[in-house]
Amino acid sequence: MMKFMPKPFENPINVTRPFLPPLANFTAGLEEIWANAWLTNNGPVIKRYQKKLSDYFGTDNLCLFNNGTLALQIALQGLRLSGEVITTPFTFVATTHALYWNKIRPVFVDIEPEHYTLDPAKVEAAITPWTTAILAVHVYGYPCRLRELADIAWRHKLLLLYDAAHAFGVTVAGRSIGSYGDLSMFSFHATKLYHSLEGGMLMFGDPGLKKIFDYLKNFGFENELEVVMAGTNAKMNEVQALMGLQVLDHLEGIISRRKQIDAVYRSRLATIPGVCIPELPPANVHYNHAYFPIEIDAGEFGMSRDDLYAALQKYNVFARRYFYPLVSDFACYRSLSITDPLTTAKQVARRILTLPIYDSLALPDVERICDIIQQLSPAAGQKPLSNSKDIPVSAVTAV
Ligand code: T4K
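Please read all numbers here as calculations on a predicted model, not as lab measurements.

### Examining the pattern of salt bridges
- Summed over all chains, the structure comprises 20 salt bridges.
- Residue Asp214 pairs with Lys210 through a salt bridge whose shortest N-O separation is 3.4 Å. With a gap of four residues between them, Asp214 and Lys210 both fall in helix α7 (residues 209-217), about one helical turn apart.
- Connected through salt bridges with shared partners, the residues Glu112, Glu114, Arg145 and Glu148 form a single ionic network.

So, in structure tokens, the structure goes:
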């Protein structure tokens, strides 16, 4: 029987599209910057932004940067970490690059199948006398196993660092995700649900770190005549700060729009055999819906993840395979000796596809993307086999 196929989108639907505040508000902010003739180096707008973020997070222990990658590099530098750091291969390359730029050996261990975050048992098994820290990633905004990782770090006297690039706006048990562990890095890149054009932030428990990070992002200057450490230039500028300030006012609206999109995908795709959708985080998590990942079981769906990815492009839908290949498979890291077989990470990387999700994506367009996926599936119309991942609820408690 001939299948009815929806029409391709007239314009590309990308995996994301940045939220933009009303142009008139941004222009008014630019006028102020013009009047100040102060563009970077700790101007008035970034001071206001820093204060607003401190109020939002309820702490002064945070520091702004021109992007998340440099924020993470500086964190590792400021903490004087060396030796080995246990981390995940299922992430954006910047997580690992930050270690490498600090001459730290990344030790990749496997992830859990539920939410793709580091598997605590694998972390513990990989600890050696050279291990100095754990660098875990709240991938897609899904909180890591916070309690288990904290317990391991405490017992082995390791620092616990989080790459929270995807996790702005996430809270766990009423506390910002950034307040867990010794330090967290957030990315404010344009592709993130919360952004400042480009930008990054560190949040940390030890107030003594602030001065060190401030030195390191500004060449190590104490004053005009004194340089107290070999810093770099990683300062956020005034226009970035302006964008960050204005987008913050819209954060909860952005998250609630994404939640609606998530709900449509979830209800529509759940009936398609071979489309596996991770469970939402448990009820004590205020999730930010940063991404909408699905896994494609090629056997059940009747088509591989890569074929679906390519077929969607013919309909002008540009999903992404975040995060494939695994970082450990990139040429620059392939020569590292890896003990952990990374079984789950390899399987997930082969199956993962992140679908378009952003606040201005209209719900009828989400329905249309679902129609396309459904019609592309040779198995569509059959009885669902394994749509939700078969996970006991007790296994997905975040704290
Ligand atoms: N750690 C993790 C776990 C991360 O995911 C990231 C960044 C970092 C650390 C480092 O943080 P930053 O140093 O970036 O602050 C994108 C982003 O560039 C990157 O920030 C992000 N992770 C990564 C997951 O995604 P690409 O190479 O996929 O970006 P690109 O240019 O292909 O854009 C993706 C889609 O977004 C496109 O389909 C079009 C759309 N887009 C993009 C931009 C830049 C827009 O609509 N407007 C835009 O302005 O890396």
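### Topic: the packing of aromatic side chains
- This model, assessed by the stated rule, comprises 24 aromatic pairs.
- Ring geometry for Tyr140 and Tyr142: centres 5.9 Å apart, planes at 80°, overall edge-to-face. Like Tyr140, the residue Tyr142 is buried in the burial classification.
- Each ring, one from Phe168 and one from Tyr194, has its centre 4.1 Å from the other, and the planes form 15°; the classification is stacked. Pair noted here: Phe168 is in the loop between β6 (159-163) and β7 (171-172) and Tyr194 is in the loop between β9 (183-187) and β10 (200-204), with a separation of 26 residues, a long-range link.
- A residue is classified by how much of its surface remains accessible, and Phe168, at 1% relative accessible area, is buried.
- Residue classification places Tyr194 among the buried residues on the basis of a relative accessible area of 0%.

### Focus: the site of the ligand
- The environment of the ligand is made up of 26 residues, and the closest members are Thr69, Asp163, His166, Ser187 and Tyr322.
- In the environment of the ligand, an oxygen atom lies 2.7 Å from a nitrogen or oxygen atom belonging to the side chain of His166.
- Between the ligand and Tyr322 there is a distance of 2.5 Å, counted from an oxygen atom to a side-chain nitrogen or oxygen.
- Here the ligand has 930 Å² of accessible area as a free molecule, and 75% of this is covered by the chains.
- Within the residue set of the shell around the ligand, elements represented by two or more residues are α3 (68-78), α4 (93-101) and β9.
- Split by residue class, the shell around the ligand holds 10 nonpolar, 12 polar and four charged.

### Regarding the sheet that holds strand β5 (residues 131-137)
- Judged by pairing direction, the sheet is mixed, and its seven strands sit side by side in the order β2-β10-β9-β6-β5-β3-β4 without closing on themselves. Edge positions in the sheet fall to β2 (62-65) and β4 (105-108), since each has one partner strand and no second. Taking each pair of neighbouring strands and ignoring which way they run, the sheet shows an average axis angle of 20°.
- As judged from the four bridges shared by strand β3 (residues 84-87) and β4, these two strands associate in the parallel manner. Of the residues in β4, the one forming a bridge with Thr87 is Phe108.
- In the packing of helix α2 (residues 44-57) onto the sheet, the strands contacted are β2 and β10, and the crossing angle to β2 comes to about 135°.

### Describing the sheet that holds strand β15 (residues 352-355)
- The three strands lie next to each other as β11-β13-β15, forming an open sheet whose pairing is antiparallel. Looking at strand neighbours, the two that pair on one side only are β11 (275-276) and β15, the edges of this open sheet.
- In terms of strand pairing, β11 meets strand β13 (residues 292-296) through two bridges, oriented antiparallel. Bridged to Val275 within β13 is Ile296.
- Packed on one face of the sheet, helix α11 (residues 305-314) meets β13 and β15 and runs near 25° to β15.
- Sitting on the sheet, helix α12 (residues 343-351) is in contact with β11, β13 and β15, with an inclination near 50° to β15.

### Observations regarding a nonpolar patch on the surface
- A cluster of nonpolar side chains, contributed by Phe219, Phe221 and Val227, occupies part of the molecular surface with about 270 Å² of accessible area.
- If you trace the backbone, Phe219 turns up in the loop between α7 and α8 (238-248).

### Points about the nonpolar core
- One finds Leu53, Phe90, Tyr140 and Phe188 to be the most contacted residues of the largest nonpolar core, which totals 73 residues.
- The element that contributes the greatest number of residues to this core is α8, accounting for six residues.
- Judged by nonpolar contacts, the second largest core, of 32 residues, contains Tyr265, Ile272, Ala311 and Leu355.

### Regarding the packing of α11 against helix α13 (residues 363-376)
- Interhelical geometry of α11 versus α13 gives an angle of 125° and a closest axis separation of 11 Å. Relative to α13, α11 is oriented oblique. Regarding α11 and α13, the two cross each other, and that crossing is right-handed. For the pair α11 and α13, the contacting residues are Leu308, Ala311 and Leu312 in the first and Ile372, Ile373 and Leu376 in the second.

### Details of the packing of α2 against α8
- Interhelical geometry of α2 versus α8 gives an angle of 35° and a closest axis separation of 8 Å. Every pair of crossing elements has a handedness; the one defined by α2 and α8 is left-handed. On α8, the residues that touch Pro44, Val45, Ile46, Arg48, Tyr49, Lys52 and Leu53 of α2 are Glu238, Ala241, Leu242, Gly244, Leu245 and Leu248.
- For the contact of α2 with α8, the residue count by class is nine nonpolar, one polar and three charged.

### Details of helix α1 (residues 23-36)
- Between the first and last C-alpha of α1 there are 20 Å, a value that for 14 residues agrees with the 20 Å anticipated at 1.5 Å per step.
- Buried residues of α1: Phe26, Gly29 and Ile33, and no others. Each buried residue of α1 lies within a common arc of 60° when the element is viewed along its axis, so the set occupies one face. Away from its buried face, by an angle of more than 90 degrees, α1 presents the exposed residues Ala24, Glu31, Trp34 and Ala35.
- Contacts from the buried residues of α1 go to α2 and α8.
- Positioned one or two residues after α1, Ala37 has a phi angle of 50°, which is positive.

Procedures and definitions
Residues numbered from 1 in each chain as written. Predicted model: local features only at pLDDT ≥ 70, side-chain atom pairs only at ≥ 80, totals over all residues. Heavy atoms only, no water. Salt bridge = Lys/Arg side-chain N within 4 Å of Asp/Glu carboxyl O. Helix = DSSP H or I, 4+ residues; strand = E, 2+ residues; numbered from the N terminus. Phe/Tyr/Trp six-rings, centres within 6.5 Å; stacked < 30°, edge-to-face > 60°. Buried < 20%, exposed > 50% of the residue type's maximum accessible area, 1.4 Å probe, protein only. Near = heavy atom within 4 Å. Polar contact = N/O pair within 3.5 Å; in protein donor to acceptor, adjacent residues only side chain to side chain. Areas by Shrake-Rupley, 256 points an atom, 1.4 Å probe, with all protein chains shown as cover. Nonpolar A, V, L, I, M, F, W, Y, C, P; charged D, E, K, R; others polar. Pairing = 2+ DSSP bridges. Axes fitted to C-alpha atoms, helices over the stretch in contact; angles between N-to-C directions. Contact = heavy atoms within 4.5 Å. Patch = residues over 30% accessible without salt bridge, like charges linked within 9 Å, V, L, I, M, F, W, Y side chains within 5 Å. Core = buried A, V, L, I, M, F, W, Y, C linked by side-chain atoms within 4.5 Å. Parallel < 35°, antiparallel > 145°, perpendicular 65-115°, else oblique. Left-handed = near helix turned anticlockwise from the far one by under 90°. Expected span 1.5 Å × (residues − 1). Arc of directions from axis to C-beta.

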